[in-house]
Amino acid sequence: MIGSGRSIAVFTSGGDSQGMNAAVRAIVRMGITCGAKVYLINEGYQGMVDGGENIVEASWDDVSGILQMGGTVIGSARCKDFRERQGRLKAAFNLVTLGITNICAIGGDGSLTGANLFREEWSSLLEELVADGKISGEQMAKYSHLNIVGLVGSIDNDFCGTDMTIGADSALHRIVECVDAITTTAVSHQRAFVLEVMGRHCGYLALVTGLACGADWIFIPEHPPADGWEEKMCAKLENARSWGNRLNVVIVSEGAIDSHGNPITSQHVKDVICKRLDLDTRITVLGHVQRGGSPSAFDRLLGTRMGAEAVLALLEATPDTPAYVVSLDGNQAVRVPLMECVEKTKEVGKALAEKDFNKAANLRGRTFLGNLEIYKKLGAILPNQQLKPYNIAIMNVGAPAAGMNAAVRSAVRTCLYNGYKAIVVHNGYEGLANDMIENYTWKCVANFVAAGGSILGTKRTLPSQCGFDKISEVIKKRNIHGIICIGGFEAYHGALEIKEASQNYPDLQIPMVVVPATLSNNVPGTDLSIGSDTGLNSVCETCDRIKMSASGTKRRTFVLETMGGYCGYLATMSGLAAGADAAYIFEEEFTIKDLQKNISHLRSKMQGKIQRGLILRNEKANENFSTDFVHRLYAEEGKNVFDCRVNVLGHMQQGGVPSPFDRNYATKSAAKAAFWILDKISNNVVGDKVVCSSHDSVVLLGMKRRQMLFQPVEDLKEATDFKHRIPVQQWWMQIRPLLRIMAHYSDETAVYES
């Protein structure tokens, strides 16, 4: 085994963040799986300096039940001692005594900088310990090199080099929950609310909250308002009222400044609104509630993936390997030189101090820039007053998915901003064929962003079932020049049918873009779909409750059926995020022997400290091994060892308000789609018509690794399994072995590659 005879220690330092426990759990279990000893250092650097009972070897069961817990179970503390060489000398002695030469540090840039300094000084620290007679020359030779790998835990998402830090998504959940609650009372009294969120040096939380909640104005340090912002802000708030809004929401980052570097406080913003607009205005400072609560599904997955990758990075390191930080790049966990990222992060602070705000925003990375760009485009003070003679149709197709309404809102307002008419189609392609069309104004989508389901209505019917002649006739009658279709597999399949039929129906030769939205995440051409994150969180919350029930009754296993059709994304990822023992899916064939192996594994588990089991099954995993069959088999084979219960989660997975990720992703995706449509129209005007018959006239907007790409639907045919309505290749299959490893399997199915 790669880790045989080696020791790894993990600690958390600095401010706590949700998802740290998921990372600690993954490091312990991945380390043990690789054959290494794994130690937990309690209370961060202070525990490393103090040693003794603060550094303890961890067993497999020691990290059971912590996945869904917020904060950090091993504690975190600021440590003055470690900043002095004498403190680092004590820490080195404590580590060498236990044979620890591999450290995983979970914290912010300050914590990671300290870890790197410790690594650089390691040789000289050991020499001093030998000179003092505290360790032997043999120990110095044996433990001559210290390997460091960092994981970034910070709710502010303020570390350069990673798209997301552990805890940022959960903090957004807390903030958005508060904004949604405040919105209801604000609407009742027609109030304005000023919300202050964390982010002393980084405006990420304020920026994404503004997009996810449709805020009227945001203040962030990387994009300070120009002189005279008070007048512009009040004009924007007044315009929003004139368009029919009953409330105004302003988001203020705690580190907000103006273009001269002067602080902008919540109180000052409130005073401006009260004085100039005479609006009943209230301030809400969210504070440390943003750090609290259970981690979101995203942060559990992020912590688990980063933790597993950190162990491999440590065990593969050589004396010539630099200290790495494990980062998220698109949907990939990657290793990046730690100090490059730290220096880049420090450059942001310098740029802000020098009032070079463009540089600061650029250093934040492409995710931050993408959010900022969309905010600027959607945040124009006035819509384009020069109306253009073009109509954009916006529709939902397929099953309802959380975030569809946020996408509709973004698409409608982007069109209206740019002087185009926005018309909506009710009930998908069927509604298009039956002329179920309505003109939408700014006010029509005022409360869409936080609404679940599909307000427009959606159906799975394909254009071929509705009749191309009827659809063509309505497009001609309504003078539709472009279509934005937000939906699942049927949206993509229907767009492909329209493209192929356009040769025979000239009125169908208009630009069309599909924005994937389905909790199944089964649309080809994209790694993620709108709604899948909300679905994951729904399943995780249910699993948490069920595990609590199973823990109370002891020796009980639950079999849960998830949605997803033939796509096992929901079952796999929620299984990994909830700590399931197994997840059965269509893409990975399983036999009765596999079921028996899992039952034997559970029987062994029930003899230990953790006496509960959780099994997930995708609804179409196997036509013969149904959920009822699996439940009965487990109940029979587990008799006298554990009992078994079954839950079919059903359509509750489609319900509820969209998560912050889905709101943000929907807002950005629909805005990008709308801008693409507007560009296509302007470049394909023939007389008073829009004629667009090129290969790329009908596209799907999808996230592929690290980019948002417009892909012609005809190019995606070969990548599609139409019979089972799934992509031929699915990126998340490479993560499945982690599910087996975290559940303590050690067979050929539990082999994870970096």
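Conventions adopted
- Residues numbered from 1 in each chain as written.
- Predicted model: local features only at pLDDT ≥ 70, side-chain atom pairs only at ≥ 80, totals over all residues.
- Heavy atoms only, no water.
- Helix = DSSP H or I, 4+ residues; strand = E, 2+ residues; numbered from the N terminus.
- Rg over C-alpha atoms; globule rule 2.2 N^0.38 Å.
- Buried < 20%, exposed > 50% of the residue type's maximum accessible area, 1.4 Å probe, protein only.
- Contact = heavy atoms within 4.5 Å.
- Areas by Shrake-Rupley, 256 points an atom, 1.4 Å probe, with all protein chains shown as cover.
- Lys, Arg positive; Asp, Glu negative; His and termini not counted.
- Charge placed at Lys NZ, Arg CZ, Asp CG, Glu CD.
- Phe/Tyr/Trp six-rings, centres within 6.5 Å; stacked < 30°, edge-to-face > 60°.
- Lys NZ or Arg CZ within 6 Å of the ring centre and 35° of its normal.
- Domains from an automatic or database assignment.
- Buried area = accessible area lost by both parts, 1.4 Å probe.
- Salt bridge = Lys/Arg side-chain N within 4 Å of Asp/Glu carboxyl O.
- Polar contact = N/O pair within 3.5 Å; in protein donor to acceptor, adjacent residues only side chain to side chain.
- Nonpolar A, V, L, I, M, F, W, Y, C, P; charged D, E, K, R; others polar.
- Expected span 1.5 Å × (residues − 1).
- Arc of directions from axis to C-beta.
- UniProt positions renumbered as here; feature names shortened; annotations may be inferred.
- Pairing = 2+ DSSP bridges.
- Axes fitted to C-alpha atoms, helices over the stretch in contact; angles between N-to-C directions.
- pLDDT = per-residue confidence, 0-100.
- Left-handed = near helix turned anticlockwise from the far one by under 90°.

Student: Is there a simple way to explain the overall build of the protein chain in this structure?
Tutor: The helix and strand tally for the protein chain stands at 24 helices and 26 strands. The C-alpha radius of gyration computed for the protein chain amounts to 27 Å, which stays within 12% of the reference 27 Å derived for 754 residues, consistent with globular compactness. Its C-alpha atoms give the protein chain principal-axis dimensions of about 90 × 70 × 45 Å. Every one of the 754 residues in the protein chain was classed for burial, and the buried ones make up 62%. For the protein chain, restricting intrachain contacts to residue pairs at least 6 apart in sequence, the fraction spanning at least 24 positions comes to 79%. Accessible surface, the protein chain: about 28,200 Å² in total, of which carbon and sulfur atoms supply 48%. Mean positive and mean negative side-chain charge positions of the protein chain (78 and 81 charges, respectively) differ by 3 Å.

Student: Got a minute to help me understand unusual backbone geometry in this structure?
Tutor: Generally, phi is negative for residues other than glycine and the peptide bonds are trans, each holding for most cases. Here the phi dihedral of N157 falls at roughly 55°; this positive angle occurs in a residue that is not glycine. Position of N157 among the secondary structure elements: in the loop between β5 (147-152) and α6 (168-189). Of note in the backbone geometry, K355 takes a positive phi value of approximately 60° without being a glycine. With respect to the element layout, K355 can be found in the loop between α11 (338-353) and α12 (357-363).

Student: I keep staring at the packing of aromatic side chains and nothing clicks. Help me out?
Tutor: Both the distance between ring centres and the angle between the ring planes are used here to describe each pair of aromatic rings. In total, this model carries 21 aromatic pairs according to the counting rule given. With centroids separated by 5.7 Å and ring planes inclined at 40°, the aromatic side chains of F661 and Y665 adopt a geometry described as tilted. One end of the pair is F661 and the other is Y665, both in helix α23 (residues 660-683) and four residues apart, which spans about a single turn. In this structure, F661 and Y665 share a single accessibility class: buried. Aromatic rings pair up to connect F11, Y45, F82, F118 and W122 into one cluster. Across the ring face of Y745, the terminal group of R740 is positioned such that the distance to the ring centre comes to 3.7 Å.

Student: Got a minute to help me understand the domain arrangement of the protein chain in this structure?
Tutor: Interfaces are often described in size by the accessible area the parts lose on coming together. As assigned here, the protein chain comprises domain 1 (7-165 + 295-348), domain 2 (168-291), domain 3 (391-530 + 658-721) and domain 4 (535-653). Each of domain 1 and domain 2 was reduced to a C-alpha centroid, and the two centroids are 37 Å apart. Listed as interface residues are 14 residues of domain 1 and, on the opposing side, 13 residues of domain 2. Carbon and sulfur atoms supply 51% of the area that domain 1 and domain 2 bury against each other, a total of about 1,200 Å² over both sides. Together, Q18, I155 and D156 form the three largest contributors to the area buried by domain 1 at its contact with domain 2, with a combined 47%. The interface formed by domain 1 and domain 2 holds zero salt bridges in total. At the surface where domain 1 touches domain 2, the tally comes to seven residue pairs in polar contact (both at pLDDT 80 or more). A per-class count over the side of domain 1 that touches domain 2 returns four nonpolar, six polar and four charged.

Student: Is there a simple way to think about helix α9 (residues 266-277) in this case?
Tutor: Note: α-helices contain 3.6 residues per turn, so residues at a spacing of three or four share the same orientation. Helix length check: α9 (twelve residues) gives 16 Å between terminal C-alpha atoms against 16 Å at 1.5 Å per residue, within 8%. Within the sequence span of α9, burial applies to S266, V269, V272, I273 and L277. The buried residues of α9 occupy one face: seen down the axis, they fall within an arc of 125°. Residues of α9 that are buried make contact with β6 (192-197), β7 (217-219), α8 (229-242), β8 (248-253) and β9 (281-285). One or two positions beyond α9, positive phi appears at D278, with a value near 55°.

Student: How should the side chain of H481 be read in this particular structure?
Tutor: As for its position among the elements, H481 is in strand β15 (residues 480-487). Within the structure, the side chain of H481 is placed 3.1 Å from the backbone oxygen of N479, a separation counted as a polar contact. Setting aside chain neighbours within four positions, we find H481 in contact with P389, Y390, N391, I510, P511, I681, D688 and V690.

Student: How should the UniProt feature "active site" (unreviewed entry) in the protein chain be read in this particular structure?
Tutor: Under the present numbering, the feature "active site" (unreviewed entry) in UniProt falls on D156. Note on placement: D156 falls in the loop between β5 and α6. Judged by its relative accessible area of 15%, D156 is buried. Ignoring anything within four residues of it in the chain, the contact list for D156 reads M198, G199, C202, Y204 and L205.

Student: Mind showing me how you'd approach helix α1 (residues 20-33) here?
Tutor: Taking 1.5 Å per residue as the helical rise, α1 with its 14 residues ought to reach 20 Å, and the 20 Å between its terminal C-alpha atoms agrees with that figure. Along α1, twelve of the 14 residues are buried, which leaves the element largely enclosed by surrounding structure. Every buried residue of α1 is listed here: M20, N21, A22, A23, V24, R25, A26, I27, V28, R29, M30 and G31. Looking at the buried residues of α1, the elements they touch are β1 (7-12), β2 (37-41), β4 (102-107), β5, α10 (297-316) and α24 (736-742). Just past α1, the residue G35 takes up positive phi, approximately 95°.

Student: Would you mind going over the sheet that holds β5 with me for this structure?
Tutor: Two orientations exist for strands paired in a sheet by backbone hydrogen bonds: parallel and antiparallel. The strand order across the open sheet formed by seven strands is β3-β2-β1-β4-β5-β10-β11, and the pairing between neighbours is mixed. Here the strands that pair on one side only, and so sit at the sheet edges, are β3 (55-57) and β11 (332-337). The average undirected angle you get between the axes of adjacent strands in this sheet is 25°. Pairing between β4 and β5: six bridges, direction parallel. Residue pairing in the sheet places I103 in a bridge with I148 of β5. Its contacts with the sheet place helix α3 (residues 85-98) against β1, β2, β3 and β4, and it is angled at close to 20° to β3.

Student: It is not clear to me how the sheet that holds β7 should be interpreted in this structure. Could you clarify?
Tutor: The strand order across the open sheet formed by four strands is β7-β8-β6-β9, and the pairing between neighbours is parallel. Lying at the two open borders of the sheet, with one neighbouring strand each, are β7 and β9. In this sheet, adjacent strand axes meet at a mean angle of 15° when their direction is disregarded. Two elements, β6 and β9, share five bridges in a ladder whose sense is parallel. Looking at the pairing, L195 lines up with T284 of β9.

Student: Just checking my understanding: could you explain the confidence of the model for the protein chain for this structure?
Tutor: Close inspection of predicted coordinates is inappropriate in any region flagged by low pLDDT. Within the protein chain, residue pLDDT values average 92, and 98% of them lie at 70 or more. Of all the helices and strands in the protein chain, helix α13 (residues 366-378) carries the lowest mean pLDDT, 85, while strand β16 (residues 512-516) carries the highest, 98.

Student: Teacher, can you tell me more about the packing of helix α14 (residues 404-417) against α23 here?
Tutor: Packed helices, taken two at a time, are described by their axes: the angle between them and the distance between them. The N-to-C vectors of α14 and α23 enclose an angle of 35°; their axes lie 8 Å apart at closest approach. Seen from above, α14 lies across α23 with right-handed handedness. Note on element contacts: α23 touches α14 through R663, A666, T667, A670, A671, A674, F675 and L678, opposite A406, A407, S410, A411, T414 and C415. Classifying every residue of the contact of α14 with α23 by side-chain character gives ten nonpolar, three polar and one charged.

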